[in-house]
Amino acid sequence: RVHGGCFVIMSEGNSANVVVFINTRSGGQMGAKILPNFEKAGIVVCDIFKKSPQIWIEELLSSKKIIAETRILIAGGDGTVKWIFESLKHVWEKPETSSTGIQMPYIAVLPLGTGNDFSRITKWGAKYSGQASSDKKIKKLIENVSNAESQKFDRWNALLENTKTKEIKNEAVVNYFSFGVDAQVAAEFDSLRSRKPHVFKSPIVNKAIYGFYGVIEVFKRHPKIHNNFQIKVNGQELTIPKNSKAIIIVNINSYSAGIKVWSPNTKKGFAESSFNDGRLEILSMSSAFQAGLIRTRIFRLAQLAQTEKIEIIPKENCVAPMFYQIDGEPKKSDPLHVTIQFSDQVGVLI
């Protein structure tokens, strides 16, 4: 069934239908490369750079193409997943949508991004490996989405207050939030990739460049977290290691392209990490060198706490700027007062 350039695929032998959204710019234009493969299989996908996900969703709802059993397959990376989650939330917050009684569709992922931490933790794979390379494989992919089990997934809200301008904004957190030297290394890496995309030809090259920036940052002075910030977990002050150069807060146990950073510890009262337990895990990174080589899995991060709410408070003498990243997107800012707490749960397919 076709609606406005979006093809809704009815699954054989199953009451669920599957709506396919694709980011044609993901993974070095991989989305654009596989688009003809879907077309050859008789499928026209929703290109979210021709229309936004929210417009697609609203049109499909109004034409009754999204029904009680609809599932969404996202062909893209972590950023695309976050974008569609936000679009679904905006649409379902509207009274005209909630009054229909139709539940928000569950999500599956065809990983086309670089890190793909969300698709890793929800078991859809670490990278694109030909899942949409033929009619037969596309049919199998749709069947897998239709038959997948559903689970709830925690989403978090980060309230960011700029201590200089007093500007306040809210950001959704799906995978993780971090600030300090790891975000600074990520920002340098991201800047080079934007200026010279032709250099980043493979994961091996990407890791080497990332490690190179970490080594460079070793020779720079970086402010220690405990000298510049106070952190509260569930209202209680957290002891920050004196050697901490970055704090990493994770919702999923997959960081920076698949690194498992958390493990249970009965002596310290640390339980398993789970994406639907209403808790975040907090870890500390001790150096720029560790930040640069974290993707090589040589170093482990220090586990600090599990919590339902975290507050990051800049001290009066806080050194500017503050580097932070949300779900792998690095940013630079004046010092921020950050409050992260539970937002809602969305449906995912495993």
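One can find the structure itself at the top, above this paragraph.
The rules behind each value
Residues numbered from 1 in each chain as written. Predicted model: local features only at pLDDT ≥ 70, side-chain atom pairs only at ≥ 80, totals over all residues. Heavy atoms only, no water. Axes fitted to C-alpha atoms, helices over the stretch in contact; angles between N-to-C directions. Helix = DSSP H or I, 4+ residues; strand = E, 2+ residues; numbered from the N terminus. Parallel < 35°, antiparallel > 145°, perpendicular 65-115°, else oblique. Left-handed = near helix turned anticlockwise from the far one by under 90°. Contact = heavy atoms within 4.5 Å. Nonpolar A, V, L, I, M, F, W, Y, C, P; charged D, E, K, R; others polar. Buried < 20%, exposed > 50% of the residue type's maximum accessible area, 1.4 Å probe, protein only. Pairing = 2+ DSSP bridges.

Caption draft 1: Quick look at the packing of helix H2 (residues 53–62) against helix H3 (residues 78–92). Their axes nearest at 9 Å, the elements H2 and H3 cross at an angle of 45°. Considering the angle they form, H2 stands oblique to H3. Relative to H3, the crossing made by H2 is right-handed. For the pair H2 and H3, contact is made by Pro53, Gln54, Ile57, Glu58 and Leu61 and by Trp83, Ile84, Ser87, Leu88, His90, Val91 and Trp92, respectively. Of the residues in the contact of H2 with H3, the class split is 8 nonpolar, 3 polar and 1 charged.

Caption draft 2: Main features of the side chain of Asn37. Residue position: Asn37 is located in helix H1 (residues 26–40). With a relative accessible area of 19%, Asn37 lands in the buried category. Leaving out residues up to four positions away in the same chain, Asn37 has contacts with Ala132, Ser133, Asp135 and Ile138.

Caption draft 3: Representation of the sheet that holds strand E12 (residues 246–250) within the structure. Taken in spatial order, the 6 strands of this open sheet run E14-E13-E12-E9-E16-E17, and their pairing is antiparallel. Of all the strands in the sheet, just strand E14 (302–307) and strand E17 (329–333) have a single pairing partner and so form its edges. Here the strands of the sheet are splayed against their neighbours by 20° on average, with no regard to which way each runs. Where strand E16 (residues 322–326) meets E17, 5 bridges bridge the pair, whose relative direction is antiparallel. From the neighbouring strand, Met322 faces E17, where its bridge partner is Ser333.

Any functional reading would require information beyond the geometric quantities listed.
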